[in-house]
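# Results of the structural survey
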Amino acid sequence: STFIGVLDIAGFEILETNSFEQLCINYTNERLQQFFNRTMFVLEQEEYKREGIEWNFIDFGMDLQPTIELIDRTKPIGIMSCLDEECVMPKATDKTFTEKLHGLWAGKSDKYDVPRFALGFIVKHYASQVEYSTEGWLEKNKDPLNENVTRLLGNSSEGFVAQLYADYADSDSGSSETTLGGGQSSSGGGRSRVVTTLKRGAFRTVGQRHKDQLNMLMAQLHSTQPHFVRCILPNSEKRAGKIDTPLVLDQLRCNGVLEGIRITRQGFPNRVAFPEFRQRYEILAPNTIPRQVFVDSKQAASLLLDALKMDKAKYRLGHTKVFFRAGVLAELEEIRDVELSKIITQFQAVARGALSRSRFRRRIEQARAIRVIQRNARVYNELSEWPWWKLYRTVKPLLHVTRVDEEMRKREARIAELEAKVRAEEDERRRLETGRHDLERAKSDIEALLISERSAALDQEEILKRTQEREVELAERLRDQEAKADDLEEQASAEVEHARAEAEQARTDLKQARADLELAKANLEQHQQHNDALSGASAEAAEYRVALERIEADHGLALERIGELET
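Residues numbered from 1 in each chain as written. Predicted model: local features only at pLDDT ≥ 70, side-chain atom pairs only at ≥ 80, totals over all residues. Heavy atoms only, no water.

### Brief notes about the packing of aromatic side chains
- Inspection of the entire model under this criterion finds 13 aromatic pairs.
- Ring-pair connections join several aromatic residues into one group, and the members of that group are Phe20, Phe97, Tyr112, Phe121, Tyr132 and Trp137.
- Residue placement shows Arg325 over the ring face of Phe268; its charged tip is 4.2 Å from the ring centre. (Phe/Tyr/Trp six-rings, centres within 6.5 Å; stacked < 30°, edge-to-face > 60°. Lys NZ or Arg CZ within 6 Å of the ring centre and 35° of its normal.)

The structure is reproduced here in structure tokens:
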């Protein structure tokens, strides 16, 4: 599944009195700092590998491993395991736990130390050395809870609360009673007995639960792509613009920033892409890269570094970037600033020289112009006293009169020409106005025709719509008539069949009657001698004749009806 999670944890804690809670918090921070170191610097070293830099892989997370093993190791047992073991031992106390811990780790680990006076121990974390007081640790690790309360909360209808106390819910098959602290209880006194209902018979201490939950968290973090945010409190007074330097340094040390910087300095923390390096630092060796031919960016960076006589131990050339040790890039920036300062100073000198020369040339031109003006003024003053100049100035206005008459004639001719042109333009304008009016009338006629055509089209559409509706109605009626005709045809066919059956029956009756008549005639001929019999036979023959006529009439009617139905 894909998700975005935010993990907010308490920072490293160093209080005046550090107890079991501070150990759990600091142990968590130790594990997370190890995760941070491995994540960040494994990525860093993988980039070295991608860039083809010679580098021996270092597991920076191992710097914190001794402290972590001191806390959660099982063989030899660490602090958490020793505490869990003491919790199930009879007659165990905080003092016996501390003494056992000293016997296991004192002098055997450089991360563990024994305080001089207090009951406890000292652990050297990555952030600082912390002294822990073991007073009340056994009771805190057992965390005894009332059986009835935990069962009630475990069976809560609120899902979140029930999840928190799921281990204490009712279970007939898996619950048992465990006595913590040892000893026997009786009605008359003795040691107190704490009864805790445990699911599936497994007793888990606070330390075990904390370690299991932390392992689950670390497994979750290892399956993600983490990003880290370090929060720094500038001061404890919540004032803007104020930095409490010792407080900030303590936070940087406790949240692992200084540790990360220390590890980073062991590698190549600064890196610059080859094109950017060439563009930025080519001014340090301007004539190193030839201009006439194309030079690859990597080769150009190598030429620049060789020209700067850079120690090869301070940098590495990758496939796309150049990597520097800590502080080398800052030195290059300082050298670049010096070179830029020289170049800018030289540019300023050239610019000031150009401006000064420009001002100097302008001053020279101004001096030359002043001398020319002075010379012309002196010449004019000398001419003003010359008699021939005075005569020229007197005659010159008279010469201008003849030119004025000629100018007047030219202007009158020009005016006449312009008037003719204006009249022609007016005639053209009137012609165009007449054409415009004609076009407007034609436009009005076309618009009226268009409106009438649109009205006719609407009428035609209405007629077409009604025709289509009439056609649909007639089609419906035609379908109804066809259905009725089909019904009538089926009925007529049935009647024809019935009439034919009746005609056949009539033919059969007629044949029978004719046979009876022939028999009667034969009988009549045989008994002609007998008068009495003859009269009876005559009557019977008459009856037969009437019946035969009636049958023949019915037969004729049936034939006529058959003919009508067939037509």
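Here the narrative resumes, following the displayed structure.
### Let's talk about helix α2 (residues 65–72)
- Within α2, 6 of the 8 residues are buried, which leaves the element mostly enclosed by the surrounding structure.
- Three or more residues of α2 are buried, namely Gln65, Thr67, Ile68, Leu70, Ile71 and Asp72.
- Buried residues belonging to α2 abut α1 (20–50), α3 (79–87), α4 (94–105), β1 (112–113), β2 (120–124) and α8 (206–222). (Buried < 20%, exposed > 50% of the residue type's maximum accessible area, 1.4 Å probe, protein only. Helix = DSSP H or I, 4+ residues; strand = E, 2+ residues; numbered from the N terminus. Contact = heavy atoms within 4.5 Å.)

### Brief notes about a negative patch on the surface
- Together, Glu482, Asp486, Asp487, Glu489 and Glu490 give the surface a local cluster of negative charge.
- Along the polypeptide, Glu489 turns up in helix α14 (residues 387–526). (Patch = residues over 30% accessible without salt bridge, like charges linked within 9 Å, V, L, I, M, F, W, Y side chains within 5 Å. Areas by Shrake-Rupley, 256 points an atom, 1.4 Å probe, with all protein chains shown as cover. Salt bridge = Lys/Arg side-chain N within 4 Å of Asp/Glu carboxyl O. Lys, Arg positive; Asp, Glu negative; His and termini not counted. Charge placed at Lys NZ, Arg CZ, Asp CG, Glu CD.)

### Quick notes on the pattern of salt bridges
- Scanning the entire structure with this criterion turns up 22 salt bridges.
- Between Glu21 and Lys140 there is a salt bridge whose closest N-O contact spans 3.4 Å. Here Lys140 lies in helix α5 (residues 137–142) and Glu21 lies in helix α1, a separation of 119 residues in the sequence.
- Classification of Glu21 by relative accessible area gives partly exposed; the value is 39%.
- For Lys140, a relative accessible area of 33% puts it in the partly exposed group.
- Glu433 is the salt-bridge partner of Arg436, the closest N and O atoms lying 2.7 Å from each other. Residue Arg436 and its partner Glu433 are located together in helix α14, separated by 3 residues, close to a single helical turn.
- Taken together, the salt bridges that share partners define one network made up of Glu47, Arg271 and Lys321.

### Let's talk about the side chain of Thr150
- Within the element layout of this structure, Thr150 appears in helix α6 (residues 147–154).
- By relative accessible area, Thr150 is classed as buried at 3%.
- Discounting residues that sit within four places of it in the chain, Thr150 has contacts with Leu145, Tyr165 and Tyr168.

### What about the sheet that holds β1?
- With respect to topology, 3 strands assemble into an open sheet ordered β1-β2-β3, the strand pairing being antiparallel. The open sheet has two edge strands, β1 and β3 (129–133), and neither has a second partner.
- Summarising the sheet, β1 and β2 pair through 2 bridges and their orientation is antiparallel. Looking at the pairing, Asp113 lines up with Ile122 of β2. (Pairing = 2+ DSSP bridges.)

### Here's the deal with the sheet that holds strand β9 (residues 315–317)
- Spatially, 3 strands are ordered β8-β10-β9 in an open sheet, and the strand pairing comes out antiparallel. The sheet is open, and its two borders are formed by β8 (270–273) and β9, each paired with just one other strand. With direction set aside, neighbouring strand axes in the sheet form an average angle of 20 degrees.
- Alignment of β9 against strand β10 (residues 321–324), held across 3 bridges, turns out to be antiparallel. Pairing of Leu317 across the sheet is with Val322, part of β10.
- Against the sheet, helix α12 (residues 297–307) engages β9 and β10, with an angle of about 155 degrees to β9. (Axes fitted to C-alpha atoms, helices over the stretch in contact; angles between N-to-C directions.)

### A short note on helix α10 (residues 257–264)
- For α10, the complete set of buried residues consists of Glu259, Gly260 and Ile263. The arc that holds the buried residues of α10, viewed along the axis, is 100 degrees, so those residues lie on one side.
- Taken together, the buried residues of α10 touch α1. (Arc of directions from axis to C-beta.)

### With respect to a nonpolar patch on the surface
- A grouping of Trp386, Trp388, Leu391 and Val395 is seen on the molecular surface, where their side chains present a nonpolar patch of about 440 Å² in accessible area.
- Counting through the fold element by element, Trp386 comes out in the loop between α13 (328–384) and α14.

### Thoughts on the pairing of β2
- Buried residues dominate β2, accounting for 4 of its 5 residues.
- Where β1 folds back on β2, the antiparallel hairpin that results is connected by 6 residues.
- Here β2 runs beside β3; their pairing, made up of 5 bridges, is antiparallel. The residue bridging Gly120 from the neighbouring strand is Ser133, located in β3.
- If you look at the hairpin formed by β2 and β3, you'll find 4 residues sitting between the two strands.

### Some words on the packing of α1 against α8
- Between α1 and α8, the least distance of the axes is 11 Å, while the angle of their chain directions is 20 degrees. In terms of orientation, α1 and α8 fall into the roughly parallel class. The two elements α1 and α8 cross, and the hand of that crossing is right-handed. Note on element contacts: α8 touches α1 through Val206, Gly207, His210, Lys211, Leu214, Asn215, Met218, Leu221 and His222, opposite Phe20, Cys24, Tyr27, Thr28, Arg31, Leu32 and Phe35.
- Of the residues that constitute the contact of α1 with α8, the class distribution is 9 nonpolar, 5 polar and 2 charged. (Parallel < 35°, antiparallel > 145°, perpendicular 65-115°, else oblique. Left-handed = near helix turned anticlockwise from the far one by under 90°. Nonpolar A, V, L, I, M, F, W, Y, C, P; charged D, E, K, R; others polar.)

### Thoughts on the nonpolar core
- Formed by 34 residues in total, the largest nonpolar core has its most connected members in Ile79, Leu101, Phe121 and Trp137.
- Only α1, α2, α3, α4, β2, β3, α5 and α8 provide two or more residues apiece to this core.
- The element best represented in this core is α1, accounting for 6 residues.
- Apart from residues lying up to four places away in sequence, Phe121 is in contact with Ile79, Leu101, His102, Tyr112, Asp113, Pro115, Val130, Glu131, Tyr132, Thr134 and Trp137.
- Phe274, Met310, Tyr315 and Phe324 belong to the second-largest nonpolar core, a separate cluster that totals 19 residues. (Core = buried A, V, L, I, M, F, W, Y, C linked by side-chain atoms within 4.5 Å.)

### Considering unusual backbone geometry
- Cis rather than trans, the peptide bond between Lys75 and Pro76 has omega equal to -10 degrees.
- Structurally, Pro76 can be placed in the loop between α2 and α3.
- Backbone geometry places Lys91, a non-glycine residue, at a positive phi of 60 degrees.
- Along the chain, Lys91 falls in the loop between α3 and α4.
- Residue Lys91 is classed as exposed on the basis of its relative accessible area, which comes to 63%.
- If you check the backbone angles, Lys238 has positive phi at about 60 degrees while not being a glycine.
- With respect to the element layout, Lys238 can be found in the loop between α8 and α9 (245–254).
- Accessibility expressed as a relative area gives 82% for Lys238, which makes it exposed.

Geometric descriptors of this kind do not, in isolation, establish any biological role.
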